[in-house]
Amino acid sequence: MIRKINRKDDYIIIIGCGRLGSHLANLLSASKKSIVIIDKNEESFKRLNPNFSGFTIEADAIEEEVLEEAKIDQADVVVSVTNDDNTNIMIAQIAKKIYNIPKVIARLVEPNKQKIYDKLGIVTICPTILSAEEISKTII
Amino acid sequence: MNIIIIGGREKTNFLVKSFISKGYNVTVINEDYELCKKLSRKYKANFIYGDGTKPYVLEDAGIAYSNILIALIPKDQDNLVVCQLAKKVYGVDKTFATVNDPKNVELFKKFGIDTVISTTSIISSLIEQRIFIDDISNLVPIEEGKVALMELEIHPDYPIAGKKLKDINLPDQSIIGCIIRKDDAVIPKGDSEMLVGDKLIVFSLPDVQSEVLKIITGKIE
Amino acid sequence: MNKKILIIDDEKNIRLTLKSCLDEEGFEIDIAINGEEALKKILSNNYDLVLLDLKMPGIDGMEVLKEIRKKGNEVNVIIMTAYGTVEKAVEAMKLGAIDFLSKPFTPEEIRKIVKSVLIRPSLKEGKLKSFEDFIEYAKICILKKDYEKAITNLIKSIAENMDSAEPHNLLGVLAESKNDILLAIKHYKAALDLEPTYKPAQKNLERISQLRYSKNGIDLGAKENDKEDK
């Protein structure tokens, strides 16, 4: 599949508008990135800043049609940060393997699941480990 | 043969029964405490009460020694993760998963799961062909539904009761593979007679299933 | 002189997205947040292009389009459709709008479509060469209601590029507008054979199957009449 190289426009799809997802969306939107944020529950979008300039989609991102409507084939970055590890893992793989998205990031609460994804080119962020590291920095 | 079954309810019960009768070692991981308790009283198998998508639970269940993992968890993505952990991290030979979304059949196979069955597709294809499930005592899809295996008991009012195999006009893409008569399994030949009470094991391609049933049971729709 | 563009959408985030993307390209941007305001501004200003959201409370996008065309205003309109809705391709075409942008849209998509609409008027019939030329000229014909010429040019565009779904989709919309439903279905299916994921054709086919022989695009949930011919 031939991909267009967008130099300055990152078209970013974020799945999950919880505390992490919404914060991320606000940060990226303020940096002029083009954002689409997907969440199963419309109420979650209330966490977005009033100045959020992007698209919101209320749907279950695990369904192929939803990702297609979100134009995932044109995405430069896909970030899956729902509060369910397995959902994040599945979406990350769909983004990487089926749509060849250059940058795919998944949030994993359970660090032991990371082993599967190291070889697939999916960046996994484990808040549990990061928090522990940050906290230990203030102690050590 | 060491088999792990994760999730599922009634299916788990029957699978455990079937595998134990074949002499396999079975471990069940389930989040339903009552189910674990009930089944552990019935069967000589290992029961682990817990979340099978967590690596430490899988390790407790002896996944390192398992040959086969069957994932029957309600959410498709959970089955995906469990099977991938099994294959890629613990080296389990074969993984089976059921999925709700038919689109996930192709998807999961691309992600490395050996066999994926969509119960939705089977049920909807049955409804499309307007097959009534009472007539079939057992329906096993083979190769993800590419071939259907049906087990039917011959009732007195069936048109084929008393007929010989050679006189029955089954469609080309179907065959009566086996007759079970009082615990004996017989591979039928042209002269074999279909008796009331016989259990027929019929193989057919899905698109002629309803025709096969019509010919055997005489019931239209 | 900078081109003037009016953005009409009731959602702030959409307006912000469009504005920031188009500001960079040097256009002069104006905003309307509902149908009433949109009408006032369009009828009292000379915009080069209008980006029109369909789903708005009060007067919706289609009504705005109807009103301005009734008053003889022929400004270029790009219609923005919401996620998950069925496209009102035929109705829009009759009201002189043939360009659609479906949400969510990427900055690339915005730029591409704005550019193509603004360049279009400069096409000369005698100087058409490439696939893009023919298909864009066909769109001019459609907007001028010269449907036969549009078909001719669409066919010429297909000769230049056999793999594109777009001309077939447009042929489908034209067929549908003439009530030739079977022909329309054939064209939409041809479009999808070439590009199975071509959204406009998918949506048109969906809409046609949902409504059988009705011509009005029905938005999921809208209360329009469903004129079924049985």
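So, a few notes on the structure that sits alongside this text. Given the structure is predicted, the values throughout are model-derived calculations rather than measurements. (Residues numbered from 1 in each chain as written. Chains lettered and ligands numbered in written order. Predicted model: local features only at pLDDT ≥ 70, side-chain atom pairs only at ≥ 80, totals over all residues. Heavy atoms only, no water.)

Considering the overall build of chain C
For clarity, the threshold we go by: Counting from the N terminus, the helices are the DSSP runs of H or I reaching at least four residues and the strands are the DSSP runs of E reaching at least two. Between the two quantities, the radius of gyration covers C-alpha atoms and the globule rule is 2.2 Å times the number of residues to the power 0.38. A simple rule labels every residue: compare its accessible area, found with a 1.4 Å probe on the protein chains alone, to the largest value its type can have, and call it buried under 20%, exposed over 50%, or partly exposed in between. Contact definition: two residues touch when any of their heavy atoms are within 4.5 Å. What sets the accessible areas is the Shrake-Rupley method with a 1.4 Å probe; for residues, cover comes only from the shown protein chains. Counting rule applied: Lys, Arg positive; Asp, Glu negative; His and chain ends not counted. Charge positions come from single atoms, namely NZ of Lys, CZ of Arg, CG of Asp or CD of Glu.
Scanning chain C for helices and strands turns up ten helices and five strands. The C-alpha atoms of chain C give a radius of gyration of 17 Å, which matches the 17 Å a tight globule of 230 residues would have. With respect to the three principal axes, the spread of C-alpha positions in chain C is 45 × 40 × 30 Å. Counting across all 230 residues of chain C, residues that qualify as buried make up 53%. Within chain C, contacts between residues separated by at least 24 positions form 57% of all contacts whose residues are at least 6 apart in sequence. About 11000 Å² of surface is accessible on chain C, with carbon and sulfur atoms providing 51% of the total. One way to put it: in chain C the 38 positive side-chain charges average out to a point 3 Å from where the 40 negative ones average out.

Considerations on helix H4 (residues 76–89) of chain B
Residues and elements named next belong to chain B. Definition in use: Expected helix span is given by 1.5 Å per residue-to-residue step, counting one fewer step than there are residues.
Between its terminal C-alpha atoms H4 stretches 20 Å, which fits the 20 Å expected from 14 residues at 1.5 Å a residue. Across the 14 residues that make up H4, a large majority, eleven, are buried. Along H4, the residues classified as buried are Asp76, Gln77, Asp78, Asn79, Leu80, Val81, Val82, Cys83, Gln84, Leu85 and Ala86. Backbone geometry just after H4 places Gly91 at a positive phi near 65°.

Let's talk about the nonpolar core
To be explicit about the condition: Buried Ala, Val, Leu, Ile, Met, Phe, Trp, Tyr and Cys residues form a nonpolar core when they are joined through side-chain atoms within 4.5 Å.
Membership of the largest hydrophobic core comes to 76 residues, with the highest contact counts inside it found for Ile13 and Ile38 of chain A, Leu69 of chain B together with Val114 of chain C. In this structure, Ile38 of chain A is in contact with Ile13, Ile14, Ile15, Gly16, Cys17, Phe45, Ile57, Ala59, Ala61, Val66 and Ala70 of chain A, ignoring residues within four places of it in sequence. Membership of the second largest hydrophobic core comes to 34 residues, among which are Ile135, Ala165, Ala184 and Ile208 of chain C.

Concerning the pairing of strand E2 (residues 25–30) of chain B
All names here are of chain B. Using the following cut-off: When the strands point away from the viewer and the connection leading from the first strand across the helix to the second strand turns clockwise, the crossover is called right-handed. Pairing between strands requires that DSSP locate at least two bridges from one strand to the other.
Burial runs high along E2: five of the six residues are buried. In this view, the connection linking strand E1 (residues 2–7) to its parallel neighbour E2 by way of helix H1 (residues 10–21) has right-handed handedness. Judged from the four bridges that link them, E2 and strand E3 (residues 46–49) form a sheet pairing that is parallel. Looking at E3, one finds that Ile29 is bridged to Ile48. Following the backbone out of E2, through helix H2 (residues 33–42) and into the adjacent parallel E3, one traces a crossover that is right-handed.

Let's talk about the sheet that holds strand E4 (residues 68–72) of chain B
Residues and elements named next belong to chain B. We count it as follows: Lines fitted to the C-alpha atoms define the axes, with helices restricted to the stretch that makes contact. Angles between their N-to-C directions range from 0 to 180 degrees.
Read from one edge to the other, the open sheet built from six strands follows the order E3-E2-E1-E4-E5-E6, with strand pairing classed as parallel. The sheet terminates laterally at E3 and strand E6 (115–118), the two strands that pair on one side only. Across the sheet, the mean angle from the axis of one strand to that of its neighbour is 15°, orientation sign disregarded. Across the sheet, H2 touches E2 and E3, and the angle it forms with E3 is around 165°. H4 contacts E1, E4 and strand E5 (94–99) of the sheet and is inclined by roughly 175° relative to E5.

Section: the interface of chain C and chain A
Cut-off, in case you're wondering: When two components associate, each loses some accessible surface as probed by a 1.4 Å sphere; the sum of these losses over both components is called the buried area. What makes a salt bridge here is a side-chain nitrogen of Lys or Arg within 4 Å of a carboxyl oxygen of Asp or Glu, nothing more. Within 3.5 Å is the distance limit for a polar contact, defined as a pair of N or O atoms, with the added protein rule that one can donate a hydrogen and the other accept it, and that residues adjacent in sequence qualify only through two side-chain atoms. Under the grouping applied here, Gly and all other residues not named as nonpolar or charged are polar, the nonpolar ones being Ala, Val, Leu, Ile, Met, Phe, Trp, Tyr, Cys and Pro and the charged ones Asp, Glu, Lys and Arg.
Across the boundary between the two partners, chain C contributes 21 residues, which contact 21 residues of chain A. In total, about 1900 Å² of surface goes out of reach between chain C and chain A, with carbon and sulfur atoms giving 53% of it. Summed over the three residues of chain C that lose the most area to chain A, namely Asn13, Tyr83 and Pro104 of chain C, the buried surface amounts to 31% of that side. On inspection of chain C and its partner chain A, the count reaches three salt bridges. The tally of links from chain C across to chain A stands at eight residue pairs in polar contact (both at pLDDT 80 or more). Where the side of chain C that touches chain A is concerned, the elements lending two or more residues are helix H1 (12–24), helix H5 (107–119) and helix H10 (199–211) of chain C. A per-element tally of the side of chain C that touches chain A places H1 of chain C first, with seven residues. When its residues are assigned to classes, the side of chain C that touches chain A shows six nonpolar, seven polar and eight charged.

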